[in-house]
Protein chains: 2
Amino acid sequence: MQHRQTISKAEKVSPNSTKGAGRLVATWGSALQSQEEKNRLKRNSILHAAAQCFNSSGFHGTSMDDIAERLGVTKPALYRYVKNKHEVLDACFGLVMDMSFRHLEEGERKGRSGLEKLRLTIHGYLAELIGEFGHPVVILEEGALLPDQLCRLISRRDQLERRYRALVEEGMRDGSIIPCNAKLAVFALFGAMNWVPKWYRQGGEWSAEFVADQLVQLITRALDAHPESIRGDEEVVSVTCESHLNRLEANNAY
Amino acid sequence: MQHRQTISKAEKVSPNSTKGAGRLVATWGSALQSQEEKNRLKRNSILHAAAQCFNSSGFHGTSMDDIAERLGVTKPALYRYVKNKHEVLDACFGLVMDMSFRHLEEGERKGRSGLEKLRLTIHGYLAELIGEFGHPVVILEEGALLPDQLCRLISRRDQLERRYRALVEEGMRDGSIIPCNAKLAVFALFGAMNWVPKWYRQGGEWSAEFVADQLVQLITRALDAHPESIRGDEEVVSVTCESHLNRLEANNAY
DNA sequence: CCTACCGATCGGTAGG
DNA sequence: CCTACCGATCGGTAGG
């Protein structure tokens, strides 16, 4: 009861939606921004809490009470920042898609061949997906979206897949990637990537960087037109098991 | 009302649980078997209907009414063959695990190297997973299981992973598989495999056999110690895009 | 941001 | 195998 005004009062004092942008921003603006920022942060923390619940229990297995409890508030408090449960799920998917496209664009920009672009994209995506910022929803609760939300998601995801595929095809043209079925290769790649949150444990034996590196290496080997260059000496294969394990341990320690 | 006795009457007539096995089996046995078989088949059809619902809507997104409707009966009719909703999910997982181990054992038996055993296992699993028999649950509704059901599932799945890993390690020893982190390789492999039901469409452009073949080839390339042997001519990489696409079309037609 | 509450859905059962 | 129903949970809102 004693905190209930902290937000609604601020909203009355600053009906900023009717103001022109950029005027008196130094004083009013910073105050407004910090308030908007607060709301945005709260909404964001709701989305992250929800994503974690959805990841472990699924959309229908998660109640709004669960999400609220994780944040230490009561359910009705959430409805100031989100419209309803479906909007929460939709926004979670939005966060993941934004992140996916961000890393894709970085890969496209920095890579110098199809394969290198793909490697950069995958590494960036994986590192953030399992990094300490917390893994948002990747999983398969799309069926719980409302029809028009699902439409938009599918269209974005198709676009993402097409651009991944374009990288594979570019790599086949520039000679960095072996001839293969690009569509199927991208599906396999998505599977390997999106499965990670199922088995990765934060604070476990593997760092996020290590996992991203190793998976990129594995995927690279499946697509690389010149595997010899990353494999080093061929004959090591015939060495004893223990020596191999030692090499792996060394890699693990990285 | 008029059909309600078809099963309970038969059960009263033949209290077979107290009979010794193997006596008078020729006459009584076949009658009993056909009745038991009927019940077993009905239970099985419930599990398959449920698996399809769970796959598309998740455990909590599926009601017992949904499952019943898919079978053309009413909800209470299901409870003659299954104890409750959790038992249904648990039994679905059981079917998938049984299938997984079946193909693993076939691969272990028939393969002549670590890599070949792995290839056979994966191919068999994938072909059945997406074959016309209908894909059961693979997905991630484990969180919906009851604690002791989850325990058993995890223990079986760990065992499966360990045996897959053993094949990878065997391949590293016998020189068929490149030195790599076996644990991580198996995770990536499971990801690529279990993602398939998410994108595969029955009756679409790809047959189950084609997808299984292509994925096995892709996975093989990632692990093979002698990739040259399956890649054929190296220099084809520098050919134009169209020519590659033509090659792919040819593969697709297979 | 909380208490209190409504309407709907759903798992499971009674009884036939 | 069906009709009818109970008890519990849950999304969302009223009102302050």
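Rules used throughout
Residues numbered from 1 in each chain as written. Chains lettered and ligands numbered in written order. Predicted model: local features only at pLDDT ≥ 70, side-chain atom pairs only at ≥ 80, totals over all residues. Heavy atoms only, no water. UniProt positions renumbered as here; feature names shortened; annotations may be inferred. Helix = DSSP H or I, 4+ residues; strand = E, 2+ residues; numbered from the N terminus. Axes fitted to C-alpha atoms, helices over the stretch in contact; angles between N-to-C directions. Left-handed = near helix turned anticlockwise from the far one by under 90°. Contact = heavy atoms within 4.5 Å. Nonpolar A, V, L, I, M, F, W, Y, C, P; charged D, E, K, R; others polar. Near = heavy atom within 4 Å. Polar contact = N/O pair within 3.5 Å; in protein donor to acceptor, adjacent residues only side chain to side chain. Salt bridge = Lys/Arg side-chain N within 4 Å of Asp/Glu carboxyl O. Buried < 20%, exposed > 50% of the residue type's maximum accessible area, 1.4 Å probe, protein only. Phe/Tyr/Trp six-rings, centres within 6.5 Å; stacked < 30°, edge-to-face > 60°. Lys NZ or Arg CZ within 6 Å of the ring centre and 35° of its normal.

Quick look at the UniProt feature "DNA-binding region" (unreviewed entry) in chain A
Thinking step 1. When the UniProt feature table is mapped to this numbering, "DNA-binding region" (unreviewed entry) covers residues 63-82 of chain A.
Thinking step 2. What you have in residues 63-82 of chain A is 60% helix and 0% strand, and the ends, taken at the C-alpha atoms, are 14 Å apart.

Focus: the packing of helix α5 (residues 85-110) of chain B against helix α6 (residues 114-130) of chain B
Residue and element names in this part refer to chain B.
Thinking step 1. It is the contact of α5 with α6, at a shortest axis distance of 8 Å, that shows an interaxial angle of 145 degrees. α6 is crossed by α5, and the crossing has right-handed handedness. Taking contact as the criterion, the partners of V96, M99, S100, R102, H103, L104, G107, E108 and K110 in α5 are, on α6, E116, K117, L120, T121, G124, Y125, E128 and L129.
Thinking step 2. Per-class residue counts for the contact of α5 with α6 are 6 nonpolar, 5 polar and 6 charged.

Side note on the protein's contact with DNA strand D
Thinking step 1. Around DNA strand D sit 16 residues, and of these M64, K75 and K85 of chain A together with T74 and R80 of chain B come closest.
Thinking step 2. Counted by atom, the contact set of DNA strand D within 4 Å of the protein is 49% sugar and phosphate.
Thinking step 3. A distance of 2.8 Å separates a base oxygen of DNA strand D from a polar atom in the side chain of K75 of chain A.
Thinking step 4. Note that a phosphate oxygen of DNA strand D is positioned 2.5 Å from one of the side-chain N or O atoms of T74 of chain B.
Thinking step 5. When contributions to the surface near DNA strand D are tallied by element, the ones reaching two or more residues are α4 (75-78) of chain A together with α4 (75-78) of chain B.
Thinking step 6. A class-by-class count of the residues in the surface near DNA strand D yields 7 nonpolar, 4 polar and 5 charged.

Details of the UniProt feature "domain: HTH tetR-type" (unreviewed entry) in chain A
Thinking step 1. Mapped onto the present numbering, the UniProt feature "domain: HTH tetR-type" (unreviewed entry) falls at residues 40-100 of chain A.
Thinking step 2. Along residues 40-100 of chain A the backbone is 75% helical and 0% strand, and the end-to-end C-alpha distance reaches 21 Å.

Focus: the pattern of salt bridges
Close approach of charged atoms lets side chains of opposite charge pair.
Residue and element names in this part refer to chain B.
Thinking step 1. Taken as a whole, this structure holds 22 salt bridges over all chains when the rule is applied.
Thinking step 2. Among the salt bridges present, the one from E37 reaches R40, with a minimum N-O distance of 3.1 Å. One end of the pair is E37 and the other is R40, both in helix α2 (residues 25-57) and 3 residues apart, which spans about a single turn.
Thinking step 3. E37 sits in the partly exposed class, given a relative accessible area of 34%.
Thinking step 4. Given a relative accessible area of 44%, R40 falls into the partly exposed group.
Thinking step 5. One salt bridge connects K117 with E170, and the closest N-O pair in it is separated by 2.8 Å.

Comments concerning the packing of aromatic side chains
Thinking step 1. Under the definition given, this model contains 14 aromatic pairs over all chains.
Thinking step 2. For the pair Y164 of chain A and F190 of chain A, a centre-to-centre distance of 4.8 Å together with 80 degrees between the ring planes defines the contact as edge-to-face. Within this pair, whereas Y164 of chain A is found in helix α7 (residues 147-174), its partner F190 of chain A is found in helix α8 (residues 182-194), the two being separated by 26 residues in sequence.
Thinking step 3. Residues F187 of chain A and W199 of chain B carry aromatic rings whose centres are separated by 4.3 Å and whose planes lie at 5 degrees to one another, so their mutual orientation is stacked. One end of the pair, F187 of chain A, is in helix α8; the other, W199 of chain B, is in helix α9 (residues 196-199), on a second chain.
Thinking step 4. Judged by its relative accessible area of 10%, F187 of chain A is buried.
Thinking step 5. A residue is classified by how much of its surface remains accessible, and W199 of chain B, at 13% relative accessible area, is buried.
Thinking step 6. If you follow K198 of chain A out to its NZ or CZ, it ends over the ring of W195 of chain A, 5.0 Å from the centre.

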